[in-house]
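# Results of the structural survey
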Amino acid sequence: MSTPTPEGEIRGPGPVVLAVGTDALLVELGSGEETEAFHAEVLRRRAAGELTGVREVVPGARTVLLDGIAAETAGLARELASWPVPPPLRATGPAVEIPVVYDGPDLDDVARAWGVTAAEVAALHSGMEFRVAFCGFAPGFGYLTGLPDHLHLPRRATPRTRVPAGAVALAGPYTGVYPRPSPGGWQLIGRTPDPAALWDPDREPPALLVPGARVRFVEAGRDSDTDTDTGPGSGVEV
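Per-chain numbering applies: the sequence of each chain, read as written, is numbered from 1 onward. Per-residue local features are limited, in this predicted model, to residues with pLDDT of at least 70; the limit for side-chain atom pairs, both in listing and counting, is 80 or more; totals at the level of whole chains, interfaces and linings are taken over all residues. Only hydrogens and water are set aside when side-chain values are computed; all heavy atoms of the structure are taken into account.

### Some details on the overall build of the protein chain
Helical segments are the DSSP runs of H or I of at least four residues, strand segments are the runs of E of at least two, and each set is numbered from the N terminus. Helix and strand counts for the protein chain stand at four helices and 15 strands. Three labels apply to residues, based on accessible area from a 1.4 Å probe with only protein chains included: buried if under 20% of the type maximum, exposed if over 50%, partly exposed otherwise in between. Burial statistics for the protein chain: of 238 residues in total, 44% are counted as buried. Restricting the contact set of the protein chain to residue pairs at least 6 apart, pairs at least 24 apart contribute 63%. Under the convention used here, a 1.4 Å probe and the Shrake-Rupley method define accessible areas, while residue burial counts only the protein chains that appear. A total accessible area of about 11600 Å² is found for the protein chain, and carbon and sulfur atoms account for 55% of it. Note on contacts: a residue pair qualifies if any of its non-hydrogen atoms lie within 4.5 Å across the two residues.

Given below as structure tokens:
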């Protein structure tokens, strides 16, 4: 049974639900897998008309934020804490393929950390299949899981003030592709020649990478040389 605490926190056998202001709830999950499943269940229920009062749903690494809740939040918080959540469905369609030139400024550092050559970093990374766990930071930026534990890397000790659009990067368990120039602290291993494909407001959906999508990186030749450093930085760091 879920129990409200004096701080407005709902604890039960499932997730922890926290009130955020007067019209939002933050659901804390125990793992990335649980978060993905819970996010999928929120979207399913909203599509079925069960969460008509929720304006926005924002997944994170281990949280799901429900914002703009029109109704009283305490009752919904108790419901969320006791939802039965099935495992997430895996995308079965073709994987999104992203061409990559593996020539990033951190490629040699990543190779040393992995104990391989730079060419082997490219072969390993392009030989894996990734999945979009959640999106955030900037329109079109997906956090992709799929790296095995022994290949996880920390962020750079000193972030860059400018990372070009299209940069393919690693941090912790994630791979990401910067859709626009910005500051950032991830390890840069390459670049995709067409970063504009990551976010197209005239496309439905605008994001190329959506939660649950399968993704593969395809090694491209170094003559795939499109200038990806366009436009001013966003001022947001990832």
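On we go.
### Quick look at the pattern of salt bridges
Here the idea is simple: oppositely charged side chains can pair when their charged atoms come close. Within this document, salt bridges are pairs made up of a side-chain nitrogen of Lys or Arg and a carboxyl oxygen of Asp or Glu, the two lying within 4 Å of each other. Per the counting criterion, the structure on display carries 10 salt bridges. A salt bridge links Arg 45 to Glu 41; the nearest nitrogen and oxygen atoms lie 2.7 Å apart. Taken together, the positions of Arg 45 and Glu 41, both in helix H1 (residues 32–47) and four residues apart, correspond to about one turn of that helix. For the pair formed by Arg 45 and Glu 41, the shared burial category is buried. Of the charged contacts, one joins Glu 129 and Arg 214 as a salt bridge, the two residues approaching to 2.9 Å between their closest N and O atoms. Highlighted residues: Glu 129 in the loop between helix H4 (118–126) and strand E8 (130–135) and Arg 214 in strand E15 (residues 214–219), separated in sequence by 85 residues. The partly exposed category is assigned to Arg 214, whose relative accessible area is 23%.

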